[in-house]
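The primary structure of each chain is shown beneath.
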Amino acid sequence: FGSLLKQLLMFLRDFVRAKELLMKRSTQVLGILFLLVSISTLTVVQTDSKIISEGILDTEHRAKVRTAFLGRVLAVKVNEGDFVRRGQVLAILGNPDLANSLSDLQSQLREQQIAEARIRYDGDLGKLVAQEARLAELREHIRQSQRNLDRLILRSPQDGYVVTSRLHERIGEFLLPGATLLELADTDRLLARLLIPENDIVELALQQKVAMRFPALPDREFSGTVVAIAPARQSQDNSHAQITIAKYEVKVSVPDPEGHLKLGMSGIAKIRGARRSIARHAIHWVGKTFNPDFW
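Presented here is a report on the structure given in the accompanying data block.

What counts and what doesn't
Here the residue numbering is sequential within each chain, running from 1 through the sequence in written order. The model is predicted, so local features are restricted to residues of pLDDT at least 70 and side-chain atom pairs to those at 80 or more, both for listing and for counting; the totals for chains, interfaces and linings are taken over all residues. The side-chain quantities take in all heavy atoms of the structure and omit both hydrogens and water. Two strands make a pair as long as DSSP finds a minimum of two bridges between them. Only DSSP runs of H or I reaching four residues or more are called helices, and only runs of E reaching two or more are called strands; each is numbered from the N terminus. By convention, a stacked pair of Phe, Tyr or Trp rings (six-membered ring in the case of Trp) has centres within 6.5 Å and planes under 30 degrees apart, an edge-to-face pair has planes over 60 apart, and any other such pair is tilted. Burial classification: accessible surface area is computed with a 1.4 Å probe over protein chains only, and a residue below 20% of its type maximum counts as buried, one above 50% as exposed, and the rest as partly exposed. We define a salt bridge as a contact between a side-chain nitrogen of Lys or Arg and a carboxyl oxygen of Asp or Glu at a distance within 4 Å. Polar contact is the term for a pair of N or O atoms within 3.5 Å; when the atoms are in protein, one must be able to donate a hydrogen and the other to accept it, and sequence-neighboring residues count only if both atoms are side-chain atoms.

## Remarks on the sheet that holds strand β2 (residues 62-66)
In step 1: Strand order in the open sheet made by the four strands is β2-β9-β7-β4, with antiparallel pairing throughout. Of all the strands in the sheet, the pair left with one neighbour each is β2 and β4 (83-84).
In step 2: Alignment of strand β7 (residues 160-162) against strand β9 (residues 180-185), held across two bridges, turns out to be antiparallel. If you follow Tyr 161 over to β9, its bridge partner there is Ala 185.

## Things to note about the packing of aromatic side chains
In step 1: This structure, assessed with the given rule, holds two aromatic pairs.
In step 2: Relative to Phe 222, the ring of Phe 214 lies with its centre 5.7 Å away and its plane at 75°, an arrangement referred to as edge-to-face. The pair Phe 214 / Phe 222 is uniform in exposure class, with both members buried.

## Things to note about the pattern of salt bridges
In step 1: Taken as a whole and judged by the stated rule, the model has 13 salt bridges.
In step 2: With a shortest N-O distance of 3.7 Å, Arg 62 and Glu 183 are connected by a salt bridge. Linking Arg 62 in strand β2 with Glu 183 in strand β9, this pair joins segments that are 121 residues apart in sequence.
In step 3: Among the residues examined, Arg 62 registers a relative accessible area of 35% and is labelled partly exposed.

## Some details on the side chain of Asp 256
In step 1: Among the structural elements, Asp 256 can be located in the loop between β13 (243-254) and β14 (266-277).
In step 2: Separated by 2.8 Å, the side chain of Asp 256 and the backbone nitrogen of His 260 make a polar contact.
In step 3: Only 2.7 Å separates the side chain of Asp 256 from the backbone nitrogen of Leu 261, close enough to count as a polar contact.

## Details of the sheet that holds strand β3 (residues 71-76)
In step 1: Taken together, four strands build an open sheet; the order of strands is β6-β5-β3-β8 and the sheet is antiparallel. Taken across any chain shown, the strands that pair with only one partner, and hence form the sheet edges, are β6 (153-155) and β8 (174-175).

Shape is all these values report; function is a separate question.
Here it is in structure tokens:
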């Protein structure tokens, strides 16, 4: 009986050892399988990358209101921030030379008209034809002089907002021909100006879709389109890594038919980039954050 009990105990001991060994091997196999699945997921499963950037609203087009002739600013009819319509009077300049030239031409016309009346009375047909030619020439000079004088009245070339400050301080100032008095912004065509790091700029293309939100309008999302990518970079310092990271200006057209957006508003832009594996996302994040030098 004692021998039988001893053999039974030895069998149980060997059974437990065999079970423990089997469990260890199963755990190793499962671990290997889990590792393979994880690597496969990281390298095969792909998701969209997202580029996040702050942006400031500007306008796609600014019209400069310039002078055509030398003139002194006599009056300014608008202020910064005013909305103006095409053709609206913005400012009035004065030019004594142009005014005197028109006055002299008008005096000459009156004199020549008197002379024409005398010629008609005398009945000299040849002199009358020549006099009428002189009168026609004078009238054309007067029209041109009047057009020049009218151009001293500066009018808006388009609908838009006045974006030049301290305009009334320029009253009394003399402006040379071609000088800019003020600028107008066309808010129907707004642009968001973004600065995109070089790590992300390669993923952008013209006509790419952009989603934008603005803190001033938290309940609204605006859809935009990439319309320009600067070929030259703007450098900024990375204070964490103490290195220079190149950034490129990207312009995004942001339609706003309802007129909710205002010039100068800041917002956040989200751009969907290329599809990457999870592992690729991780490598890209490390490169963008720490920018290690592999050479």
